[in-house]
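Working through the structure, step by step
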Amino acid sequence: MSSTKNTLLIGTRKGLVIYKKTSSDWKYAGESFDGIPVSYATASPDNKIWWACQDHGHWGCKLHISRDQGANWEEVDAPKYAEDDEIRDGLPATLKYLWVLQPHVNGDADHVLIGTEPGGLFESKNTGKNFELVRGLWDHPSRKEQWFGGGRDYAGIHSIIVDKDNHDHRYVGISCAGVFETWDGGQQWEPKNKGLRADFLPDPASEVGQDPHLLVAHPINQKVMWQQNHCGIFRSIDGANHWDDISEPNGVANFGFVITLDEKDENTAWVVPAVSDEKRLAIDRALVVCRTRDGGKSWEKLTNGLPQKACYDIVYRHGMDITGDTLVFGTTTGNIYLSDNQGDNWTSLNHNLPMIYSVRFI
Amino acid sequence: MPVVKFTYALKRFYPGLKEVNIKASTVADIVKKLDDIYPRMSSYIIDEQGALRKHVNIFIGNSIIEDKISLADKVSEHDEVYIMQALSGG
């Protein structure tokens, strides 16, 4: 299988970096927003609209779109919390971070969802001209008391999945709250966390308060869902009704942030493990990708071409992507590695980028 | 009318930026009315609840404003108001 997408958007601490595939290689193709952190960047499936979420240190979170493949960008209003929205009683809600943007909801190029810290999901049906808070989730009775921050100060929605056959059926992944599901386009939500384990809670089996670092669904069979969780790797084959722990017993495939799925085979996935939460380092200071081809029953280490000593790279939750057989990941220390054979061999595209928050093939 | 002057850092987002006179009685009024001249500028200065962003400073003359939550500081006819970027980051 050959690679099907030929542009790579890399959201970094110092701007958006773009690579393009030439006939033989991936080449640096420029940047946008120099010096401004880009937390997430992606494009509509037809590649006509690019989106860039910014986390500007001084001036707040900003949202930009481009209709000419990045040649020009236009600022649109970022989501806003209303005057009486509160994180907790007495604590006004303000936009802290744009975690993820899901383009092309309902098959409509103008319809997008954005997951934010402090826990609001926002929807726009007019290409960002205005966003509305998805009240059904924000008003969920568990939110004020049982959602909390993981890694950042407040709960954040970092994963959004829209059912390709029923667009009103959606999931979100929230750190820390867990997986939530709606069947009515966002009015009613239910936690879907049975089988997960939150070792950091008094009740590890709590239905709310789980920490999925990233939630993904197989693009063909979306009932097969995976998550790299704070407490291991989990898989569901029934649309998140139940989760199975598929972490590697006594192995390295346990803690991490990212998980990426094969586009065809629902049993194949990749993770980039790290030393668990108290350190957050590359395991034994070596960079390793782990792959399963049997739904998590077994994991193999993939290290060809990756540094195996004096390495401090870890990979954030949106830091890996796939197109065809081509995998790419970007690290916290600014390295980009690419494999054209499903991870068997890796080559570096760049060792000198800023900290990388997201990579997306478009 | 008070005159409003800006940090050079905002020129990146508003290339034609120059000082402006705005009829207003409070700093909050000024920030709100800036949007009429420079669209979305208030969102660069305050959050959606009206509080001054953490890494932005506003001075009236040589004094930093006192109310960073609702920007209720009064301004008078001959005041100079400075919107500045805090020295932070890396």
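Residues numbered from 1 in each chain as written. Chains lettered and ligands numbered in written order. Predicted model: local features only at pLDDT ≥ 70, side-chain atom pairs only at ≥ 80, totals over all residues.

**Focus on the overall build of chain B**
- Along the backbone of chain B there are two helices and five strands.
- In chain B, the order of α-helices and β-strands from amino to carboxyl end is β-β-α-α-β-β-β.
- Relative to the globule expectation of 12 Å for 90 residues, the C-alpha radius of gyration of chain B, 12 Å, shows essentially globular dimensions.
- In terms of overall dimensions, chain B has a C-alpha envelope of 35 × 25 × 25 Å along the principal axes.
- Across the 90 residues in chain B, those meeting the buried criterion constitute 27%.
- If you take every contact in chain B between residues at least 6 apart in sequence, the share linking residues at least 24 apart comes to 48%. (Helix = DSSP H or I, 4+ residues; strand = E, 2+ residues; numbered from the N terminus. Rg over C-alpha atoms; globule rule 2.2 N^0.38 Å. Buried ≥ 20, exposed ≤ 12 C-beta atoms within 10 Å, placed from the backbone. Contact = placed C-beta atoms within 7 Å.)

**Things to note about the confidence of the model for chain B**
- Of all residues in chain B, 97% attain a pLDDT of 70 or more, and the chain-wide mean is 95.
- Of the two predicted TM-score estimates for the complex, the pTM is 0.95 and the ipTM is 0.91. (pLDDT = per-residue confidence, 0-100.)

**Considerations on the pairing of strand 30 (residues 356–361) of chain A**
Residue and element names in this part refer to chain A.
- Of all six residues in strand 30, six are buried, a share of seventy percent or more.
- With five bridges joining them, strand 1 (residues 7–12) and strand 30 adopt antiparallel strand pairing. Paired with L9 across the bridge in strand 30 is R360. (Pairing = 2+ DSSP bridges.)

**What to know about the sheet that holds strand 10 (residues 97–102) of chain A**
Residues and elements named next belong to chain A.
- Overall, antiparallel pairing links the four strands, which are arranged 10-11-12-13 in an open sheet. At either end of the open sheet lies a strand with only one pairing partner, and these are strand 10 and strand 13 (132–133).
- Strand direction decides the pairing type here: strand 12 (residues 121–124) and strand 13, joined by two bridges, are antiparallel. If you follow F122 over to strand 13, its bridge partner there is L133.

**Things to note about unusual backbone geometry**
Residue and element names in this part refer to chain A.
- A cis amide bond, omega 20°, links E117 with the succeeding residue P118.
- Its location among the elements puts P118 in the loop between strand 11 (112–117) and strand 12.
- Here the bond from S175 into C176 is cis, since omega is -5°, no more than 30 degrees from zero.
- One can find C176 in the loop between strand 15 (170–175) and strand 16 (178–182).
- Positive phi, normally seen in glycine, also occurs at F33, with a value near 60°.
- In this fold, F33 is placed in the loop between strand 3 (26–32) and strand 4 (38–43).
- The residue T127 is not glycine, and still its phi comes out positive at about 55°.
- Here T127 lies in the loop between strand 12 and strand 13.

**A look at the sheet that holds strand 4 (residues 63–64) of chain B**
All names here are of chain B.
- The strand order 2-1-5-3-4 describes an open sheet built from five strands, whose pairing is mixed. Since the sheet does not close on itself, it has two edges, and those belong to strand 2 (20–21) and strand 4, each with one partner.
- When strand 3 (residues 56–60) meets strand 5 (residues 80–85), the two strands line up antiparallel, connected through five bridges. Opposite V56, over in strand 5, you have Q85 as the bridge partner.

**Details of the environment of N72 of chain A**
All names here are of chain A.
- If you trace the backbone, N72 turns up in the loop between strand 6 (60–66) and strand 7 (74–76).
- For N72, a count of 11 C-beta atoms within 10 Å corresponds to the exposed category.
- When the C-alpha positions of N72 and S32 are compared, they lie 9.0 Å apart, and in sequence the two are 40 residues distant.

**Topic: the environment of A43 of chain A**
Residues and elements named next belong to chain A.
- Here A43 is to be found in strand 4.
- Here A43 falls in the buried class, since 24 other C-beta atoms lie within 10 Å of it.
- Along the sequence, A43 and Q188 sit 145 residues apart, while their C-alpha atoms lie 28 Å from each other.

**A word on helix 1 (residues 27–37) of chain B**
All names here are of chain B.
- Residues of helix 1 that are buried: V27, A28, I30, V31 and L34. The arc that holds every buried residue of helix 1, seen down its axis, measures 165°, which confines them to one face.
- Summarising the contacts, the buried residues of helix 1 are in contact with strand 1 (3–6), helix 2 (41–45), strand 3 and strand 5. (Arc of directions from axis to C-beta.)

**Some details on the environment of M320 of chain A**
Residue and element names in this part refer to chain A.
- Looking at the element boundaries, M320 is found in strand 26 (residues 320–323).
- Given 27 C-beta atoms within 10 Å, M320 falls into the buried group.
- Separated by 63 residues in the primary sequence, M320 and F257 place their C-alpha atoms 9.9 Å from one another.
- Residues within four places of M320 in sequence aside, it is in contact with V258, T260, W270, V272, V315, L327, V328, F329 and V359.

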